Amino acid sequence: MVNSQVPGGGAPPRSCAGCGGRIADRFLLFSMERYWHTRCLKCSCCQAQLGEIGTTCYSKGGMILCRSDYIRLFGNTGACSACGQSIPPSEMVMRAQGNVYHLKCFSCATCRNRLMPGDRFHYVNGAIFCEHDRPGGPMLSSHLQPLQSNPVLPDQKVC
């Protein structure tokens, strides 16, 4: 993101990628190969004006994000800590110890049961364990009830 002064003289007027209006302000932003009013380049999640909070912004899946929201949503790499594959911005994620996971990848290292929001788990040396299979706890040969008791609602949003 570049914050620059609008040159005087013969430069053609620029249109804002955010609102479509003519940029007649003294300063404008250039980001993602487009020009923006400083008030129009905002984080898709927290609505912070990106020119006011720093010199960088992030873009993924059509969203424009501040650094904090990008890391919150996608971790430092934007990849699942279990499988290493990219996580689409529209996908719900699970988090543990600063790592981000696809929902399908957030599972017990021993029994492979998928853990859901609200399930208790243990994070040991980078591995996730369900309550039944936690290291040092009583190991059960079978799970009496599935851990998938809290379904993720389809209308939940990433932000």
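- As named in an unreviewed UniProt entry, the protein chain is LIM domain transcription factor LMO4.1-like, taken from Clupea harengus.

Regarding the overall build of the protein chain
Here comes step 1: When helices and strands are tallied, the protein chain shows two helices and 11 strands.
Here comes step 2: For the protein chain, the N- to C-terminal ordering of α and β elements is β-β-β-β-β-α-β-β-α-β-β-β-β.
Here comes step 3: Within the protein chain, buried positions represent 30% of all 159 residues.
Here comes step 4: Taking as baseline every contact in the protein chain between residues at least 6 positions apart, the subset at least 24 positions apart corresponds to 29%.
Here comes step 5: Element-wise, carbon and sulfur atoms account for 49% of the exposed surface of the protein chain, whose accessible area totals about 9,700 Å².

With respect to the packing of aromatic side chains
Here comes step 1: Tallied over the entire structure, the rule returns four aromatic pairs.
Here comes step 2: With a centroid separation of 4.7 Å and an interplanar angle of 50 degrees, the aromatic rings of Phe30 and Tyr35 are classed as tilted.
Here comes step 3: On the basis of relative accessible area, Phe30 is assigned to the partly exposed category, the value being 27%.
Here comes step 4: Ring centres of Phe106 and Phe121 lie 5.2 Å apart, and the angle between their planes is 85 degrees; this geometry places the pair in the edge-to-face category.

About the criteria used
- Residues numbered from 1 in each chain as written.
- Predicted model: local features only at pLDDT ≥ 70, side-chain atom pairs only at ≥ 80, totals over all residues.
- Heavy atoms only, no water.
- Helix = DSSP H or I, 4+ residues; strand = E, 2+ residues; numbered from the N terminus.
- Buried < 20%, exposed > 50% of the residue type's maximum accessible area, 1.4 Å probe, protein only.
- Contact = heavy atoms within 4.5 Å.
- Areas by Shrake-Rupley, 256 points an atom, 1.4 Å probe, with all protein chains shown as cover.
- Phe/Tyr/Trp six-rings, centres within 6.5 Å; stacked < 30°, edge-to-face > 60°.

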